[in-house]
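Residue-level listing of the chains:
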Amino acid sequence: MNPKPYESHGAGDPTAVPAALGLALLAVGGWLLTTARPWHKPGHPLTLGLGWTASGALLVCGLVLLARCVRSVHGRPEVAPDAGVAPDADVPAPTEAGTGTDG
């Protein structure tokens, strides 16, 4: 019988906090964008411009954070290069004589 009821799963996912922050920035930016609608309540153009600029900045920052997290999770896996061996050393290079066409 195992004396520990739970297994250790390590430190966790390092992209969880930035992804949550990106989602939070998207939510706040979207909320700010919906509250700064000029057709909803007429206001001073400077206030509307600042609100739209702030909401746009929050939306862009949230998208960048979220995209970086997705790319780091679903990106290309890093392969350790072998010392002194070309990646396709066993594959012969194509030549004009070996094109496979008769002629």
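These remarks concern the structure in this document. In this text the structure is predicted, and so the values were computed from the model without any measurement.

### Focus on the overall build of the protein chain
Here's step 1: On a plain count of helices and strands, the protein chain comes out with two helices and zero strands.
Here's step 2: Evaluated residue by residue, the protein chain yields a buried proportion of 11% over its 103 residues.
Here's step 3: Within the protein chain, counting contacts between residues at least 6 apart in sequence, those at least 24 apart form 67% of the total.
Here's step 4: Working note: accessible area of the protein chain is about 8900 Å², and carbon and sulfur atoms make up 66% of it.

### Topic: helix α1 (residues 16–35)
Here's step 1: The terminal C-alpha atoms of α1 lie 29 Å apart, and with 20 residues this matches the ideal 28 Å at 1.5 Å per residue to within 8%.
Here's step 2: Among the residues making up α1, those that are buried are Ala 19, Gly 22, Leu 25 and Gly 29. Projection of α1 onto a plane perpendicular to its axis shows the buried side chains occupying an angular sector of 120°, all on one side. Residues of α1 that are exposed and point over 90 degrees away from its buried face: Val 17, Leu 23 and Trp 31.

### Quick notes on the side chain of Thr 15
Here's step 1: Assignment of secondary structure puts Thr 15 in the segment before α1.
Here's step 2: When its relative accessible area of 14% is taken as the criterion, Thr 15 is described as buried.
Here's step 3: Those residues in contact with Thr 15 that lie beyond four places of it in its chain are Cys 69, Ser 72 and Val 73.

Calculation rules
- Residues numbered from 1 in each chain as written.
- Predicted model: local features only at pLDDT ≥ 70, side-chain atom pairs only at ≥ 80, totals over all residues.
- Heavy atoms only, no water.
- Helix = DSSP H or I, 4+ residues; strand = E, 2+ residues; numbered from the N terminus.
- Buried < 20%, exposed > 50% of the residue type's maximum accessible area, 1.4 Å probe, protein only.
- Contact = heavy atoms within 4.5 Å.
- Areas by Shrake-Rupley, 256 points an atom, 1.4 Å probe, with all protein chains shown as cover.
- Expected span 1.5 Å × (residues − 1).
- Arc of directions from axis to C-beta.

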